[in-house]
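One letter stands for each residue in the lines below.
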Amino acid sequence: MSERSAAGGEVIPLDLTRRRPRKPAPVTPSASPAAGERARCQQVTASGRPCRNYATASGRCIVHADDPTETGDQERRIEEAARPEPLAAAEWEAIAAEVLAFARRRLLGDYKVDPYGFDRELTEQVLMPLARPLYQRYWRVRTTGIESVPSGGALLVANHSGTLPFDAIMTKLALLDEHPEHRHLRELAADLALRTPIIGPLSRKSGDVLAHDDDALRLLADGELVGVWPEGFKGVGKHYRDRYKLQRFGRGGFVEVALRARVPIIPVGIVGAEEIYPLVANVRWLARLLNLPYFPVTWQFPWLGPLGLLPLPSKWIIAFGEPIATDDYPADAADDPMAVLELGDRVRDTIQQMLYRTLMGRRSIFF
Amino acid sequence: MADRGRRVLITGIANPVSCALAARLEADEGVEYVAGVDLVEPDAPLERTEFIRADLRSPLVAKVIESTRVDTLVHLGITTTPGQVGGRSRMKELNVIGSMQLLAAAQKAPRLRNVVVRSTTAVYGSHYRNPSLITEDVATDAPPRSGYAKDATEVETYARGLSRRRPDLTMTILRLANTVGPTVETPLTKYFALPVVPTVLGYDPRLQLLHEDDAVGALERATVDPHPGIYNVAGPGVIYLSQAIRIAGKVAVPLARPLMPWLAGMLRQSGRVDFAADQLQFLLYGRVGDITRLRERFGYEPRYSTREALEAFIESQGIERAIDPEAVTAAERELLGVLRRLRPTGDTAAAEGTAGAEEVRT
């Protein structure tokens, strides 16, 4: 077998777009693969199709390695996933009543928001359901290691990419839908997001706050899960050729916050967001004119007109890493620039490694 | 001197909040004497408060402080809207020059021990770069450059100058959030009384409100039991402007941002709402102060949350509702009934097999 082992310290190919010899897709990937062909994963994807990622030694791909369900019996499980449940009449009525009650509460202002402006009801009933088709069908997001996100206060640090920050929305949804405690991620947003009409109030209502130390510390002290994208615009607006190369992590403000709040840092690697709007040029003068950090020219924008706003349907994997504890640092470590820089580098390296590893498990950009 | 009871001088006594404070101090046995200074006499029936007609801008103020032998000065004589006094330049003069004179006189008053100055959370400005909850020490990016908020910023500067030069004084600065209630009249209360409420399209600020009873309560506490420092005073919690409008049963009319100055001009001319530039900014981004220090160090727990303050205000001012909650609830019931009647046909299409058929028969 010409199988590469992930553990062997070899050079990791980054260019995943290169062509592979086309072969007819095997009908049952769990059956013995053709000679010379790498084994495919034996697991079923969320949409009920057999997973076509290459398998590692365990017989599954890197995405499904932690899946608790049994392998095999693929046909039966595919069939089950395909058959919709008939909706009982009573259920239907309950849904109608719920929708009407929701409409009434919204119309009369009978709902609560927290002091930061987080509107739980709106987020759970309207905003996240709007993002869910993107998550489940369009980008077919898979997560790994989400159960390692603890239940108390924690600072989640992720790579940023994609020209428009869809990665933040998908991470939020991943934690709400797939974390055992259905946690809401409180994201530290850029001021550009909060000052933009319509987007600003909506992101506030979905739980975002301005990236300000005071707010972040208070949220962490309250046991909230706070998310930060330290690369900022340097990450989200970077050239496509720099994909999956982490940019500078700001000035390490997030490390100081985690050290002060004494909460663990959870490194997160998001794969797939780089390819939704591959940015090939930045029109600087237009960006300056519009007071934006960059004005993107992507594969599809502005060439395809309004259609160019449609992101590409890449395959996403969000990998949640093991928490990095901060409580073994001394109490005044936040005021020690060396400690802050060192921890910041550690987090950055961890995320970079996670990205490389996850990229290896992905068969192509789109599948 | 403490055993003789406090002697309190309140400026701006014609203001309803000042009147309420004076009434509470009258009822307090620890307060020996209450005097109120203003240009106009208060309407409220005050019993033992002595009214002194004086202009804060004149040096006469020093004589008032001296002759009344007060140990506590409560400075509430700050005008919030130009309409009240006939023009912005006069308002600025009354606020800034008046406070300067008053606090200069206070510096020279040997008997004075305790100074309370009313300020506003508007000193933080309304800016998207402000933290979600603004603490008292935070240096905000956009200090207000106009209107009442700028005056308040300057008054605070004088107050801090005074406490620097007179370290023996206890200086309490209370930054009150937007105050609502049965008697106060502010641009915000008038805004909610409009038949339809104009908002800015695409923006939804968070509001933090203070019930006037809590404003008076906090001022009373600062007067009789000084805890020097600067405190945000507001009801706990926030509501969105859109939510507040719905609670009030009003209809919001979102307008494009460039139209707002024009609308503000119209409202000002018709005498309905006195909206200044900084209040337009408030309609974009709002502002919310952190009240942890008020609760923990100052030791005051507001009785009304932001939402309760709004509800009490709507109740007390008899603000007309365009949307009746009972009508909405009735409509909900009606719709649900219609859906129930429609169900059999709708369901046979959706459900399959015997379950659907049985449903039709029953």
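Residues numbered from 1 in each chain as written. Chains lettered and ligands numbered in written order. Predicted model: local features only at pLDDT ≥ 70, side-chain atom pairs only at ≥ 80, totals over all residues.

## As for the overall build of chain A
Working step 1: Helix and strand counts for chain A come out as 11 helices and 9 strands.
Working step 2: Counting every position in chain A, which comprises 367 residues, the buried fraction comes to 39%. (Helix = DSSP H or I, 4+ residues; strand = E, 2+ residues; numbered from the N terminus. Buried ≥ 20, exposed ≤ 12 C-beta atoms within 10 Å, placed from the backbone.)

## Comments concerning the overall build of chain B
Working step 1: For chain B, the count of helices and strands is 14 helices and 13 strands.
Working step 2: Viewed in the frame of its principal axes, chain B has a C-alpha envelope of about 95 × 45 × 40 Å.
Working step 3: A buried classification covers 47% of the 362 residues belonging to chain B.
Working step 4: Put simply, 79% of the contacts in chain B that link residues at least 6 apart link residues at least 24 apart. (Contact = placed C-beta atoms within 7 Å.)

## Quick word on the interface of chain A and chain B
Working step 1: Taken together, the contact between chain A and chain B spans 30 residues of the former and 37 residues of the latter.
Working step 2: When contributions to the side of chain A that touches chain B are tallied by element, the ones reaching two or more residues are helix H2 (89–107), helix H5 (191–195), helix H6 (199–205), strand E4 (209–210) and helix H7 (213–221) of chain A.
Working step 3: If you tally residues by element for the side of chain A that touches chain B, the top one is H2 of chain A, at 9 residues.
Working step 4: Tallied by class, residues from the side of chain A that touches chain B come to 19 nonpolar, 4 polar and 7 charged. (Nonpolar A, V, L, I, M, F, W, Y, C, P; charged D, E, K, R; others polar.)

## Focus: the sheet that holds strand E3 (residues 49–53) of chain B
Residue and element names in this part refer to chain B.
Working step 1: Ordered by their spatial adjacency, 7 strands build an open sheet running E3-E2-E1-E4-E5-E6-E11, and the pairing between neighbours is parallel. Edge strands, defined here as strands with exactly one partner in the open sheet, are E3 and strand E11 (229–233). Going across the sheet, the axis of each strand differs from the next one's by a mean of 20°, ignoring polarity.
Working step 2: Pairing of strand E1 (residues 6–11) with strand E2 (residues 31–38), which is carried by 6 bridges, proceeds in the parallel orientation. Paired with Val8 across the bridge in E2 is Val34.
Working step 3: Set on the sheet, helix H2 (residues 60–68) makes contact with E1, E2 and E3; between it and E1 the angle comes to about 160°. (Pairing = 2+ DSSP bridges. Axes fitted to C-alpha atoms, helices over the stretch in contact; angles between N-to-C directions.)

## Quick word on unusual backbone geometry
All names here are of chain A.
Working step 1: The omega angle of the peptide bond from Phe301 to Pro302 is 0°, so this bond is cis rather than trans.
Working step 2: Tracing the sequence through the fold places Pro302 in the loop between strand E8 (296–298) and strand E9 (317–320).
Working step 3: One non-glycine residue, Tyr244, adopts positive backbone phi at about 60°.
Working step 4: Of note, Tyr244 is situated in the loop between helix H8 (233–236) and helix H9 (253–261).
Working step 5: Residue Tyr244 is classed as partly exposed on the basis of its 18 C-beta neighbours within 10 Å.

## Details of the domain arrangement of chain B
Bring the parts together and some accessible area is lost; that lost area is often taken as the interface size.
Working step 1: Partitioning chain B into structural domains gives domain 1 (2–179 + 209–235 + 288–306) and domain 2 (332–361).
Working step 2: Summarising the inter-unit geometry, the C-alpha centres of domain 1 of chain B and domain 2 of chain B are found 64 Å apart. (Domains from an automatic or database assignment.)

## Remarks on the packing of helix H4 (residues 88–107) of chain B against helix H5 (residues 147–165) of chain B
Residue and element names in this part refer to chain B.
Working step 1: Where H4 contacts H5, the axes come no closer than 9 Å and their chain directions differ by 5°. It follows from the interaxial angle that H4 and H5 lie roughly parallel. Taken together, the residues of H5 that come into contact with H4 (itself represented by Lys92, Asn95, Val96, Ser99, Met100, Leu103, Ala106 and Gln107) are Asp151, Glu154, Val155, Tyr158, Ala159, Leu162 and Arg165.
Working step 2: Here the residues of the contact of H4 with H5 are counted per class, giving 8 nonpolar, 3 polar and 4 charged. (Parallel < 35°, antiparallel > 145°, perpendicular 65-115°, else oblique.)

## Structural notes on the packing of helix H1 (residues 16–27) of chain B against helix H7 (residues 212–224) of chain B
All names here are of chain B.
Working step 1: Where H1 contacts H7, the two axes come as close as 9 Å, and the packing angle between them is 50°. Comparing their axes, H7 and H1 come out oblique. As for how H1 packs across H7, the hand of that crossing is right-handed. Contact with H1, carried on its side by Val17, Ala20, Leu21, Arg24 and Leu25, involves Glu212, Ala215, Val216, Leu219, Glu220 and Thr223 of H7 and no other residues of that element. (Left-handed = near helix turned anticlockwise from the far one by under 90°.)

## Observations concerning the pairing of strand E6 (residues 170–176) of chain B
Successive residues of a regular strand alternate their side chains across the two faces of the sheet.
Residue and element names in this part refer to chain B.
Working step 1: Along E6, 6 of the 7 residues are buried, which leaves the element largely enclosed by surrounding structure.
Working step 2: Across 7 bridges, the pairing between strand E5 (residues 114–120) and E6 is parallel. Bridge assignment links Thr120 to a residue of E6, and that residue is Leu176.
Working step 3: Note on the crossover from E5 through H5 to E6: the handedness is right-handed.
Working step 4: Here E6 runs beside E11; their pairing, made up of 5 bridges, is parallel. Counterpart to Arg175 in the pairing with E11 is Asn232. (Right-handed = clockwise from strand over helix to strand, strands pointing away.)

## Quick word on the sheet that holds strand E6 (residues 265–271) of chain A
Residues and elements named next belong to chain A.
Working step 1: A sheet is described by the order of its strands in space; here 7 strands give the open sequence E1-E9-E6-E2-E5-E3-E4, paired in mixed fashion. Each of the sheet's edge strands pairs with one partner strand only, and the pair in question is strand E1 (142–144) and E4.
Working step 2: Packed onto the sheet, helix H11 (residues 337–361) meets strand E2 (154–158), E6 and E9 and runs at close to 35° relative to E6.

## A word on the environment of Ala211 of chain A
Residue and element names in this part refer to chain A.
Working step 1: Following the sequence through the fold, Ala211 ends up in the loop between E4 and H7.
Working step 2: Judged by C-beta crowding, with 25 C-beta atoms within 10 Å, Ala211 ranks as buried.
Working step 3: Once the C-alpha coordinates of Ala211 and Val228 are considered, the two residues, 17 residues apart in sequence, prove to be 8.2 Å apart.
Working step 4: With near-sequence residues (within four places) excluded, Ala211 lies in contact with Leu188, Ala189 and Ala190.

## What about H2 of chain A?
Working step 1: The first and last C-alpha atoms of H2 of chain A sit 27 Å apart over 19 residues, in line with the 27 Å expected at 1.5 Å per residue.
Working step 2: At the exit of H2 of chain A stands Gly109 of chain A, carrying a positive phi of roughly 70°. (Expected span 1.5 Å × (residues − 1).)

## Quick word on the confidence of the model for chain A
All names here are of chain A.
Working step 1: Per-residue confidence for chain A gives a mean pLDDT of 84; residues scoring 70 or more make up 80%.
Working step 2: Every residue in residues 1–13 is under pLDDT 50, and counting partners more than four places away or in other chains gives 9 contacts.
Working step 3: In the predicted structure, residues 15–35 sits below a pLDDT of 50 and forms 14 contacts with residues beyond four places in sequence or in another chain. (pLDDT = per-residue confidence, 0-100.)

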